[in-house]
Structure formats: C-alpha cells, structure tokens
Amino acid sequence: SFLRAEKDTAVQFFRSVLRPQDQAMLTGFSSTVVLWQDFTPSAPLLGRALEGMHAVPFKGLPKDGGPMPTTLLYDAVTSAAKNKLKGVSGRKAMVIISDGIDIGSRDNLETGVRQAQTADAIVYSICYPNPHESGCGFLKSLSEPTGGRMFDLRSKTPLSEIFRIIEAELRSQYSLGFVPSNTARDRSFHKLHVRVRRTGMRVLARKGYY
C-alpha cells in the first residue's frame, strides 16, 4: 500500500494537474478492481479516496481453476478504458502505479493496450521494484503504444519528479490530424509513425488507431 509520502505526492499531483474543466477518477486493483472515486474535479475528494484505499481480500476460489487472482492489472486497465474513458471527450490519460506483475486477470496485455488505444487514452506507468520478478517491461508495453511511457523507480528519480514530468507532458501535447488514404472503417488497427526533422528530438506518439 501507499506510504504516507506517496499519498501526499499523489494528492499534490491531482491539485497541480486538475483545472476546473478537468476530471479524474481513482481505481485500485488487487484481487478485484475497485472504483475508489468516480470522475470528479475535486482534489480533496480524490485525496480522501486515497486515504481510504486498502487491500481487498479475495474470497473463494477461481471458477476456472486458474491462478488465485491477487493483482488484476490488465483487468483494471481494460475496465477503466472501456467503461470509463471511452465515452469521455477531450484529452485522456491513465496513470498506473504498479510493479507490473499481473496475477489472475481474465484480460491480457494486448487487450489492455487495445482498449486504451480505442479510448484514445495515453497511458503513463510508474513501476515499483519487485524483489522476485521485474514487471517493468509489461508496463512499458502497456504505455508506449499509446504515446505514453514507463518510469522505473529503480532509476532513483523521486516520485514527485515523475509526477511533475507527467503533468508537464499532459500540458504540452500537440494534436495532429490527417486524412488516411485507406478510408475503410473495418475496425482493424492502422499503424502510425510520427517523425521530426530536428535532430536530438524524441517523439512520443501513439503507435496507431482503430
């Protein structure tokens, strides 16, 4: 669970990034996916929801004989993108704080990425070190196809600085439009690649669209 300083840092992020027209929600996941706070422009409400977050114990056994669900990362991403973000207009972002290890989700990594792309949401992830197995690669694979990126806390970058970078990137995006030569609306995935002519620049952009 969050340490005191981490909760305070997250609350400060909400206070800094939210404008009157913005909204945020807070979702937790362990053995189930919990909506701790629905969409709200209120940083105090989000802060109180952070205070109330706790592990949710799983009761019973998996129906299909699969692994005991303890970290439903992919289910949480898919649910938030499909059921919450897809119907929202404007710029959308998802910030995931996790060790990247999924245990027990019915959805998989590919489904999570697809739903985030379909919802036009950028995914940022903050990877906490796991002493037994590194899941940072999974979080990177969730984030980069959407135009976001993964931050590895093993780099010793403070959490407050990571949130500051995310805030700055959310406030300095460019929206590019184009008319594709392929006009078929067949729900297939169309790849995108954005390049810039200036040397020394790195583009963060979604890898395609449905």
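That block above? That's the structure.
Residues numbered from 1 in each chain as written. Predicted model: local features only at pLDDT ≥ 70, side-chain atom pairs only at ≥ 80, totals over all residues. Heavy atoms only, no water.

K.L.:
Can you walk me through the overall build of the protein chain in this structure?
P.N.:
Check the secondary structure of the protein chain and you find six helices and seven strands. Tracing the protein chain from N to C terminus, the helices and strands come up as α-β-β-α-α-β-α-β-α-β-α-β-β. The C-alpha radius of gyration computed for the protein chain amounts to 18 Å, which stays within 12% of the reference 17 Å derived for 210 residues, consistent with globular compactness. Dimensions along the principal axes, computed over C-alpha positions, put the protein chain at roughly 50 × 40 × 35 Å. Within the protein chain, buried positions represent 37% of all 210 residues. Taking as baseline every contact in the protein chain between residues at least 6 positions apart, the subset at least 24 positions apart corresponds to 66%. Working note: accessible area of the protein chain is about 13000 Å², and carbon and sulfur atoms make up 52% of it. On the protein chain, the mean spot of the 29 positive side-chain charges and the mean spot of the 19 negative ones are 6 Å from each other. (Helix = DSSP H or I, 4+ residues; strand = E, 2+ residues; numbered from the N terminus. Rg over C-alpha atoms; globule rule 2.2 N^0.38 Å. Buried < 20%, exposed > 50% of the residue type's maximum accessible area, 1.4 Å probe, protein only. Contact = heavy atoms within 4.5 Å. Areas by Shrake-Rupley, 256 points an atom, 1.4 Å probe, with all protein chains shown as cover. Lys, Arg positive; Asp, Glu negative; His and termini not counted. Charge placed at Lys NZ, Arg CZ, Asp CG, Glu CD.)

K.L.:
Would you take a moment to explain helix α2 (residues 43–52) for this structure?
P.N.:
Since one α-helical turn is 3.6 residues long, residues separated by three or four positions face the same way. Taken as a whole, α2 has its buried residues at Ala43, Leu46, Gly47, Ala49 and Leu50. Along the axis of α2, the buried residues cluster in a sector spanning 160°; they form a single face. Of the exposed residues in α2, the ones pointing more than 90 degrees away from its buried face are Pro44 and Arg48. Looking at the buried residues of α2, the elements they touch are α1 (4–17), β1 (24–29) and β2 (33–40). The N-cap of α2, judged by a side-chain oxygen 3.1 Å from the amide nitrogen of leucine 45 a few residues on, is serine 42. (Arc of directions from axis to C-beta. Polar contact = N/O pair within 3.5 Å; in protein donor to acceptor, adjacent residues only side chain to side chain.)

K.L.:
Help me understand the environment of phenylalanine 39, please; the structure alone is not making it clear to me.
P.N.:
Within the secondary structure, phenylalanine 39 sits in strand β2. Leave out the neighbours within four places in its chain, and phenylalanine 39 touches Gln23, Ala24, Met25, Lys84, Leu85 and Val88.

K.L.:
Explain unusual backbone geometry to me, please; I cannot follow it from the model alone.
P.N.:
Leaving glycine out, the prevailing phi sign among residues is negative, and the prevailing peptide bond configuration is trans. In this structure, aspartate 120 is a non-glycine residue whose phi angle is positive, near 60°. Residue placement: aspartate 120 occurs in the loop between α4 (109–118) and β4 (121–127). At lysine 156, a residue that is not glycine, the phi angle is positive and equals roughly 70°. The topology assignment puts lysine 156 in the loop between β5 (150–152) and α6 (159–170). Given the relative accessible area of 71%, lysine 156 is considered exposed.

K.L.:
So what exactly am I meant to see when it comes to the environment of phenylalanine 13 here?
P.N.:
Mapping phenylalanine 13 onto the fold places it in helix α1. A relative accessible area of 10% places phenylalanine 13 in the buried class. Distance from phenylalanine 13 to valine 113, taken between C-alpha atoms, is 24 Å for residues 100 residues apart in sequence.

K.L.:
Would you explain the packing of aromatic side chains in this entry?
P.N.:
Here a ring pair, both rings aromatic, is described through the centre-centre distance and the interplanar angle of the planes. Applying the stated rule across the entire model yields four aromatic pairs. Taken together, a centroid distance of 6.0 Å and an interplanar angle of 50° make the contact between phenylalanine 13 and phenylalanine 14 tilted. (Phe/Tyr/Trp six-rings, centres within 6.5 Å; stacked < 30°, edge-to-face > 60°.)

K.L.:
How do you make sense of a nonpolar patch on the surface when you look at a structure like this?
P.N.:
Nonpolar side chains collect at one region of the surface, where Tyr174, Leu176, Val194, Val196, Met201 and Val203 lie side by side and expose about 650 Å² of accessible area between them. Along the chain, the position of leucine 176 falls in the loop between α6 and β6 (190–191). (Patch = residues over 30% accessible without salt bridge, like charges linked within 9 Å, V, L, I, M, F, W, Y side chains within 5 Å. Salt bridge = Lys/Arg side-chain N within 4 Å of Asp/Glu carboxyl O.)

K.L.:
Just to check I follow, could you spell out the sheet that holds β5 for this structure?
P.N.:
Pairing within the open sheet is parallel, and its three strands lie in the order β3-β4-β5. Here the strands that pair on one side only, and so sit at the sheet edges, are β3 (92–98) and β5. Adjacent strand axes in the sheet meet at a mean angle of 15° when their direction is disregarded. Here three bridges tie β4 to β5, and the two strands are oriented parallel to one another. Of the residues in β5, the one forming a bridge with serine 125 is methionine 150. (Pairing = 2+ DSSP bridges. Axes fitted to C-alpha atoms, helices over the stretch in contact; angles between N-to-C directions.)

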